[in-house]
Amino acid sequence: MSDTLAGPDGALRCPWALSTEDYVAYHDEEWGRPVHGDDALYERLCLEAFQSGLSWITILRRRPGFRAAFAGFEIAKVATFTDSDKERLLADPGIIRNRAKIEATVANARVLADWAPGELDELIWSFAPDSTSRPAPKRLADVPAVTDESTALSKTLKKRGIRFVGPTTAYALMQACGLVNDHLADCTARRSAP
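Residues numbered from 1 in each chain as written. Predicted model: local features only at pLDDT ≥ 70, side-chain atom pairs only at ≥ 80, totals over all residues. Heavy atoms only, no water.

The chain goes by DNA-3-methyladenine glycosylase I in an unreviewed UniProt entry, where it is assigned to Streptomyces albiflavescens.

> Quick one: what's the story with the overall build of the chain, residue by residue and with numbers?
The helix and strand tally for the chain stands at ten helices and two strands. Element order for the chain, N to C, with α for helix and β for strand: β-β-α-α-α-α-α-α-α-α-α-α. Expected size for 194 residues packed as a compact globule is a radius of gyration near 16 Å; at 17 Å, the chain falls within 12% of this value. Taking the principal axes of its C-alpha atoms as reference, the chain extends roughly 55 × 35 × 25 Å. When burial is assessed residue by residue, the chain has 46% of its 194 residues classed as buried. In the chain, which carries 24 positive and 27 negative side-chain charges, the distance between the mean positions of the two groups comes to 4 Å. (Helix = DSSP H or I, 4+ residues; strand = E, 2+ residues; numbered from the N terminus. Rg over C-alpha atoms; globule rule 2.2 N^0.38 Å. Buried < 20%, exposed > 50% of the residue type's maximum accessible area, 1.4 Å probe, protein only. Lys, Arg positive; Asp, Glu negative; His and termini not counted. Charge placed at Lys NZ, Arg CZ, Asp CG, Glu CD.)

> Could you give an account of the packing of helix H1 (residues 21–29) against helix H3 (residues 56–69), naming the residues involved and the relevant values?
Where H1 meets H3, the axes come as close as 10 Å, and the angle between the chain directions of the two elements is 85°. As judged from the angle between their axes, H1 and H3 are roughly perpendicular. Residues Asp22, Tyr23 and Tyr26 of H1 form the contact with H3, whose own contacting residues are Trp56, Ile57, Leu60 and Arg61. Taken together, the residues that form the contact of H1 with H3 break down as five nonpolar, no polar and two charged. (Axes fitted to C-alpha atoms, helices over the stretch in contact; angles between N-to-C directions. Parallel < 35°, antiparallel > 145°, perpendicular 65-115°, else oblique. Contact = heavy atoms within 4.5 Å. Nonpolar A, V, L, I, M, F, W, Y, C, P; charged D, E, K, R; others polar.)

> Run through the state of the cysteines, naming residues and quoting values.
Scanning the entire structure with this criterion turns up zero disulfides. Cys187 forms no disulfide, and the closest cysteine sulfur to it belongs to Cys14, at a distance of 3.8 Å. (Disulfide = S-S within 2.5 Å.)

> I'd like a description of the nonpolar core, backed by residues and values.
Counting residues in each nonpolar core, the largest one holds 47 residues, and the members touching the most others are Tyr42, Phe66, Phe70, Leu120, Leu153 and Leu157. In this view, Leu153 contacts Leu123, Ile124, Phe127, Ala170, Leu173 and Met174; residues no more than four positions away in its chain are not counted. (Core = buried A, V, L, I, M, F, W, Y, C linked by side-chain atoms within 4.5 Å.)

> How would you summarise the pattern of salt bridges if you had to cite specific residues and measurements?
Inspection of every chain in the model, using the stated rule, returns 14 salt bridges. Note that Glu30 is salt-bridged to Arg63, the shortest N-O span being 2.7 Å. Here Glu30, found in the loop between H1 and helix H2 (38–51), pairs with Arg63, found in helix H3; they are 33 residues apart in sequence, far enough to count as distant. Within this structure, Asp9, Arg13 and Asp28 form a network of salt bridges that share partners. (Salt bridge = Lys/Arg side-chain N within 4 Å of Asp/Glu carboxyl O.)

> So what's going on with unusual backbone geometry? Residues and values would help.
Look at Ala71: it is not a glycine, yet its phi comes out positive at around 50°. Relative to the assigned elements, Ala71 resides in the loop between H3 and helix H4 (75–78). Looking at Ala71, the relative accessible area reads 23%, which means it is partly exposed.

> Which residues make up the side chain of Lys101, and what values do they have?
In this fold, Lys101 is placed in helix H6 (residues 99–113). There is no salt bridge for the buried Lys101, and the closest opposite charge comes from Glu48, which lies 10 Å off by N-O distance. At 3.0 Å, the side chain of Lys101 and the backbone oxygen of Phe50 are in polar contact. In this structure the side chain of Lys101 is engaged in a polar contact, spanning 2.7 Å, whose partner is the backbone oxygen of Ser52. In this structure Lys101 touches Ala49, Phe50, Gln51, Ser52, Leu54 and Phe164, once residues within four positions along its chain are discounted. (Polar contact = N/O pair within 3.5 Å; in protein donor to acceptor, adjacent residues only side chain to side chain.)

Below is the structure:
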């Protein structure tokens, strides 16, 4: 028995993907596909942190606002943000105006600005589990919220100075960036993922 549902086009998808057109596009084109590059991974890390306690659709719909507010998530640029930039962000209706999350986003950029090019990419991807080590999930209940790898990734990032990245956020990052493929077994996107 599978939890997949047929979308308007008849294709089977993970059920969470069918609630809005935004989710269908995100599910089919982004979620679970490999993401590389320090700035791209920093963006995903930040967005997953902002999502904590909220629905992903809230973040997804505000992603253009986040990108504009945080200089396209270019680590080098965000690392130079000042207190006045933080106040500007707290007044920006295009993003989630949470002081702790804004502070973490800037602080994390400052930490990452000191890393070697490619170091964030290499570190995150070093926690990708062997794809043959877990069977494809058939039901949503088969998809974990936390794994040993996400716990280890979270601990390593925190030890390296990265804030607002617990094991659940780390696992959501792993799912979103293709370190794991949690599309359900008979989901069309699973079969088309690299």
